[in-house]
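These are the residues of each chain, in order.
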Amino acid sequence: AIGILSGLKGANQVTLGDVIGSSIINITLIIGLTAIIFPLRVDVLVSRREIPLSFSIQLILTGLLFTGLVLSRAESMLLLTGMLVLVAYIGIKTYRMLEWNRPEDAEEQEVFDFLQNQEVMSEAVIETDVVGPPVAAEETGPPLKLALIFIIGLAAMIAGAQLVVNNSIIIAHTLGLSEEFIGLTIVAFGTSLPELFTCLVAALHQKADIAVGNVIGSNIFNALFVLG
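Residues numbered from 1 in each chain as written. Predicted model: local features only at pLDDT ≥ 70, side-chain atom pairs only at ≥ 80, totals over all residues. Heavy atoms only, no water.

What follows concerns the overall build of the protein. Across its full length, the protein carries 8 helices and 0 strands. Taken from N to C terminus, the helices and strands of the protein fall in the order α-α-α-α-α-α-α-α. In the protein, which comprises 228 residues, the share counted as buried stands at 29%. In the protein, of all internal contacts separated by at least 6 residues, the share reaching a separation of at least 24 is 74%. Summed over its atoms, the accessible surface of the protein is roughly 14500 Å², and 71% of this surface lies on carbon and sulfur atoms. (Helix = DSSP H or I, 4+ residues; strand = E, 2+ residues; numbered from the N terminus. Buried < 20%, exposed > 50% of the residue type's maximum accessible area, 1.4 Å probe, protein only. Contact = heavy atoms within 4.5 Å. Areas by Shrake-Rupley, 256 points an atom, 1.4 Å probe, with all protein chains shown as cover.)

Below, the structure is given as structure tokens:
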């Protein structure tokens, strides 16, 4: 949301600083705090596959930015294509895990167990709804409530992004700072808060792979999708 609104207002430097700053904060501050709470022992396949992938994407992005010092529409299409390929890869891997019931490594086993637990919980909820007494409010239906919550959340997100973009531009101009610097600091820290809370919760539950995967996935998503 911040990326789109910054683009519409001609303040792309806020987004660029946000993406770069978020990657730095994710790797240094968030991983650092998480490792203090619970030492991170990551599956060997993550260090061989996901971490080099994230590193390679950052290098490619750096090369694109240094080429003419501009991220053109053609280069943006390249980033978005990379995101589509990554989503397709994850989708295929997830489908195989669910279809074959045979994860390939410890990290995928953890994800598979989580999905199985969610399925068991969903079945339990369905059985409770069937056996339990009818609820009068059910006429409106849970989907309507969920849709309403979704719309409210979406509106709040867009409004919040609007406030972030507008005020970050005002702060930059008032203090004589560049929009990139504001994006690298204030905006980047704000947009990294979800990753921070997720990693801290994962650390408290001693789920190192989830914490590291959260940071790697965030950096990849920001570079490929948000900037693209």
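What follows picks up the thread again.
By volume, the second largest pocket is sized at about 540 Å³. Residue lining of the second largest pocket: 20 residues in total, with Asn12, Leu16, Leu71, Ser76 and Leu227 positioned closest to the centre. Of all the elements in the fold, those that place two or more residues in the lining of the second largest pocket are helix H1 (2-8), helix H2 (12-37), helix H3 (44-66) and helix H4 (73-100). For the lining of the second largest pocket, the class distribution of residues is 11 nonpolar, 8 polar and 1 charged. (1 Å grid on protein atoms, 1.4 Å probe; cavity = no way out; pocket = protein on both sides within 12 Å on 5 of 7 lines; lining within 4 Å. Points joined across faces, edges and corners; volume = space filled by probe spheres on them. Nonpolar A, V, L, I, M, F, W, Y, C, P; charged D, E, K, R; others polar.)

Okay, the environment of Leu29 next. Locating Leu29 in the fold gives a position in helix H2. Given a relative accessible area of 35%, Leu29 falls into the partly exposed group. For the pair Leu29 and Ser192, spaced 163 residues apart in the sequence, the C-alpha separation amounts to 9.9 Å. Setting aside anything within four residues of it in sequence, one finds Leu29 in contact with Ile24 and Phe189.

Quick look at the packing of helix H7 (residues 179-204) against helix H8 (residues 208-226) now. For the pair H7 and H8, the least separation of the axes is 8 Å and the interaxial angle reads 160°. In terms of their interaxial angle, H7 and H8 are classed as roughly antiparallel. As for how H7 packs across H8, the hand of that crossing is right-handed. Counting all contacts with H7, which are made through Glu195, Thr198, Cys199 and Ala202, the residues of H8 involved are Ile210, Ala211, Asn214, Val215 and Ser218. The residue makeup of the contact of H7 with H8, split by class, is 5 nonpolar, 3 polar and 1 charged. (Axes fitted to C-alpha atoms, helices over the stretch in contact; angles between N-to-C directions. Parallel < 35°, antiparallel > 145°, perpendicular 65-115°, else oblique. Left-handed = near helix turned anticlockwise from the far one by under 90°.)

In this section: the side chain of Ser168. Here Ser168 is to be found in helix H6 (residues 142-175). Judged by relative accessible area, which is 4%, Ser168 ranks as buried. A distance of 2.8 Å separates a polar atom in the side chain of Ser168 from the backbone oxygen of Val164. Residues in contact with Ser168, not counting those within four places in the same chain, are Val14, Ile182 and Val187. (Polar contact = N/O pair within 3.5 Å; in protein donor to acceptor, adjacent residues only side chain to side chain.)

With that settled, the discussion passes to the side chain of Ser192. The topology assignment puts Ser192 in helix H7. Setting aside residues up to four positions removed in sequence, Ser192 forms contacts with Ser22, Ile25, Asn26 and Ile30.

This paragraph deals with the nonpolar core. The biggest cluster of nonpolar side chains holds 14 residues, and the ones touching the most others in it are Ile57, Leu61, Leu79, Ile216, Ile220, Leu224 and Leu227. Looking at this core, the elements with two or more residues in it are H3, H4 and H8. The biggest single contributor to this core is H8, with 5 residues. Every residue in contact with Leu61, bar those within four places of it in the chain, is listed here: Leu79, Ala223 and Leu227. Counting 10 residues, the second-largest nonpolar core is a separate cluster that includes Ala161, Val165, Ala172 and Val187. (Core = buried A, V, L, I, M, F, W, Y, C linked by side-chain atoms within 4.5 Å.)

As a further point, take H6. An α-helical turn contains 3.6 residues, so any two residues separated by three or four positions project in the same direction. Look at H6: 48 Å from first C-alpha to last across 34 residues, which is about the 50 Å you get at 1.5 Å a residue. Listed in full, the buried residues belonging to H6 are Ala161, Val165, Ser168, Ile169 and Ala172. Here the buried face of H6 lies against H1, H2 and H7. Once H6 finishes, Gly176 follows within two positions and takes phi at roughly 75°, a positive value. (Expected span 1.5 Å × (residues − 1).)

Their axes nearest at 10 Å, the elements H2 and H8 cross at an angle of 175°. The angle between the axes of H2 and H8 places the two elements in the roughly antiparallel class. Between H2 and H8, the contacting residues are Thr15, Val19, Ser22, Ser23, Asn26, Ile27, Ile30, Ile31 and Thr34 on the first element and Ala211, Val212, Val215, Ser218, Asn219, Asn222, Ala223 and Val226 on the second. Grouping the constituent residues of the contact of H2 with H8 by class yields 9 nonpolar, 8 polar and no charged.

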